[in-house]
Amino acid sequence: MRLALLSSGTGWHVQDLQRAAATRDIDLDLCEFTGLSDWVPPLSTRSATEYLRVAANRQADAYLVRTMPAGSLEQVIFRMDVLHAAESRGIAVFNPPRALEFCIDKYLTTQRLHAAGLPVPSTWCGQGADEAMVAYEQLGGDVIIKPLFGSEGRGMVRVSDAETAWRVCHAVANTGGVLYLQEFIEHDGWDVRAFVLGDQVLAAMKRHSDHWRTNVAQGASTTRLRLSASEQELAIAAARVVGCPIAGVDLLHGPNGWHVLEVNGVPGWKALSATCDEDVAGAVLDFIAQRVQA
C-alpha cells in the first residue's frame, strides 16, 4: 500500500509512523499541507490531486492527515476542498474531510454529539459579549471559556468571577472571536482519553492533574485504564457521530455521570503509547490497510 502522509515537518508522530511502516508492506510518502495543489480538469493521466501524486507517477492508495497547520481562511478552506476532491475521486482519506471539519470546530462537535443523544456539558456559543455574560450566569457562574478552534488545552481559561468573565468575553468579542462557554463540571482531578479505531477502543488512559486542565501537553500525568463495555460504547459512539474512524475521545466523569468533552480528529498518541505499551502507529497503519483493501 502507498500512503500519503499529510504532515508539517518530521516530528515524533511522523517518525513513529515511518518506524511502523518500515516493518509493513507500506510505502509512506511525506507531503506538506502547504504544497497542496490541483488541476481542474485533470491533465492527461493526472487523475487525482497533483501534489499528492507520488514517486514513479503512482497514485497514493490513501491519505492520512497527521496535522492541520495554521493558515489564512482561504488556505484552510482550500486544503479541505482538496481533501474533498480527493475523496470524490475514490481516494480514502483518514480522517474524512467532513469529519475533520466537525472536529476542528468545537461548536459543531458539541452540537452533533448532543443531537445524537450523547451527554455533553451545557454549552453556550455566540458572538456578543453581553449575551455571553447572560449565559455565564445561567451556566452557574463557573465556566470554561475555550477557543472555538484549538487543541492541547491551549487558550482555555476557567472563569468563576463576574468581573473577569466580563473582561474575557469583551476581549474575545472585540477581536472578532466567537465565544464558547461551557459549564465547569466538578471532578476528581482526572479525565479519560480513549483512542478509537473503527468500532473498537484500542487503548485508554487516565490523565491526572492538580489543575483543572488535564491535557498531557499542560503537564498532566497518565495511567493506563481499562474501560467498561458501556464506557467503550460511549467513546465509539462519539467518534461515529462525527464520522471519525480514527479518533481521540475525551471523557469526563462528573456528579451526573459521563460527559463527552471533545472528539479529536487528528489525535496524538505519544503519551498513550508509553502509558499503555501499545504500538498505536502500527495499529493505525494496519487499520488503514484493512479499510483500503476491503
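Structure shown above.
Residues numbered from 1 in each chain as written. Predicted model: local features only at pLDDT ≥ 70, side-chain atom pairs only at ≥ 80, totals over all residues. Heavy atoms only, no water.

Once that is clear, we can look at the pattern of salt bridges. This structure, assessed with the given rule, holds 11 salt bridges. The salt bridge involving aspartate 142 is made with arginine 158; its shortest N-O contact spans 2.8 Å. Of the two residues, aspartate 142 is situated in the loop between helix 5 (129–138) and strand 8 (143–146) and arginine 158 in strand 9 (residues 157–159); the sequence distance between them amounts to 16 residues. A relative accessible area of 31% places arginine 158 in the partly exposed class. What emerges from the salt-bridge pattern is a single network uniting Asp191, Arg193, Arg207 and Asp250. (Salt bridge = Lys/Arg side-chain N within 4 Å of Asp/Glu carboxyl O. Helix = DSSP H or I, 4+ residues; strand = E, 2+ residues; numbered from the N terminus. Buried < 20%, exposed > 50% of the residue type's maximum accessible area, 1.4 Å probe, protein only.)

Attention now moves to the packing of aromatic side chains. Under the criterion given, the structure shown has 3 aromatic pairs. Between phenylalanine 195 and tryptophan 269, the aromatic rings sit 6.3 Å apart at their centres with planes inclined by 85°, giving edge-to-face as the arrangement. With phenylalanine 195 in strand 11 (residues 190–197) and tryptophan 269 in the loop between strand 15 (257–264) and helix 8 (270–276), the pair connects residues that are 74 residues apart, well separated along the chain. Per residue, the accessibility class of phenylalanine 195 equals that of tryptophan 269, and both read buried. Lying across the ring of tryptophan 190, lysine 206 places its NZ or CZ 4.2 Å from the centre. (Phe/Tyr/Trp six-rings, centres within 6.5 Å; stacked < 30°, edge-to-face > 60°. Lys NZ or Arg CZ within 6 Å of the ring centre and 35° of its normal.)

Quick look at the sheet that holds strand 5 (residues 62–65) now. Strand order in the open sheet formed by 4 strands is 2-1-5-6, and the pairing between neighbours is parallel. Single-partner strands in this sheet number two, and they are strand 2 (27–32) and strand 6 (92–94). Here the strands of the sheet are splayed against their neighbours by 25° on average, with no regard to which way each runs. Here strand 1 (residues 2–7) pairs with strand 2 via 6 bridges, running parallel. (Pairing = 2+ DSSP bridges. Axes fitted to C-alpha atoms, helices over the stretch in contact; angles between N-to-C directions.)

Below, the discussion takes up the side chain of threonine 110. Here threonine 110 lies in helix 4 (residues 106–115). A relative accessible area of 10% places threonine 110 in the buried class. Engagement of the side chain of threonine 110 in a polar contact is seen with the backbone oxygen of lysine 106, the distance being 2.9 Å. The residues contacting threonine 110, other than those within four sequence positions of it, are Val120, Thr123, Tyr180 and Gln182. (Polar contact = N/O pair within 3.5 Å; in protein donor to acceptor, adjacent residues only side chain to side chain. Contact = heavy atoms within 4.5 Å.)

This part is about the nonpolar core. In terms of nonpolar packing, the biggest core is built from 29 residues, with Leu3, Leu64, Phe195, Ile246 and Ile288 touching the most fellow members. Taken together, the elements giving at least two residues each to this core come down to strand 1, helix 1 (12–22), strand 5, strand 11, strand 12 (200–208), helix 8 and helix 9 (280–293). With 8 residues, the single largest contributor to this core is helix 9. Setting aside anything within four residues of it in sequence, one finds isoleucine 288 in contact with Met1, Leu3, Ala62, Leu64, Phe94 and Ile246. In this structure, Leu227, Ala235, Cys244 and Val249 belong to the second largest nonpolar core, which totals 28 residues. (Core = buried A, V, L, I, M, F, W, Y, C linked by side-chain atoms within 4.5 Å.)

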